[in-house]
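Remarks on the overall topology
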Amino acid sequence: MTITVDRKIYSDKCISNAIYWLSEKYIIERKLDGDIETISVNDDNGENFRTEFLRRLNDFKLREIIETETKDIKTILYAKAFGDFEE
């Protein structure tokens, strides 16, 4: 079974995290050709891998979006918590 992933949509970090969490159950091979990454797994039950992989891939993509969108808020909270401000 092979799955192609567009690296313009999913970062290497998202793909690597998804693969890491499935690597205990599957032997996974990655190939990169430009912006397209091919994920291959040798398993008789490839549809289970596909379902699990896509679920994890989307989970890590959402985590990445949340991390990006909350970065400024976290910076402000850290500055407020550890800064030497007097009101």
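Preceding this paragraph is the structure being described.
On a predicted model such as this, the values are computed, not experimentally measured, just so you know. (Residues numbered from 1 in each chain as written. Predicted model: local features only at pLDDT ≥ 70, side-chain atom pairs only at ≥ 80, totals over all residues. Heavy atoms only, no water.)

1. Thoughts on the pairing of strand β1 (residues 2-6)
Going residue by residue along β1, you find I3 and V5 tucked away on one face and T2, T4 and D6 left uncovered on the opposite face. With five bridges connecting them, β1 and strand β3 (residues 36-41) associate as antiparallel partners. Residue pairing in the sheet places V5 in a bridge with E37 of β3. (Buried < 20%, exposed > 50% of the residue type's maximum accessible area, 1.4 Å probe, protein only. Helix = DSSP H or I, 4+ residues; strand = E, 2+ residues; numbered from the N terminus. Pairing = 2+ DSSP bridges.)

2. Focus on a nonpolar patch on the surface
Together, L62, I65 and I66 give the surface a local cluster of nonpolar side chains, amounting to about 250 Å² of exposed area. Counting through the fold element by element, I65 comes out in helix α2 (residues 46-69). (Patch = residues over 30% accessible without salt bridge, like charges linked within 9 Å, V, L, I, M, F, W, Y side chains within 5 Å. Areas by Shrake-Rupley, 256 points an atom, 1.4 Å probe, with all protein chains shown as cover. Salt bridge = Lys/Arg side-chain N within 4 Å of Asp/Glu carboxyl O.)

3. Some remarks on the sheet that holds β1
A sheet is described by the order of its strands in space; here three strands give the open sequence β1-β3-β2, paired in antiparallel fashion. At either end of the open sheet lies a strand with only one pairing partner, and these are β1 and β2 (28-33). Going from strand to strand, the sheet's axes swing by 20° on average, the running direction of each strand aside. Relative to β3, β2 is paired through six bridges, and the arrangement is antiparallel. Bridge pairing in β3 links D33 to I36. Contacts from helix α1 (residues 12-22) reach β1, β2 and β3, with the element oriented near 165° to β2. (Axes fitted to C-alpha atoms, helices over the stretch in contact; angles between N-to-C directions. Contact = heavy atoms within 4.5 Å.)

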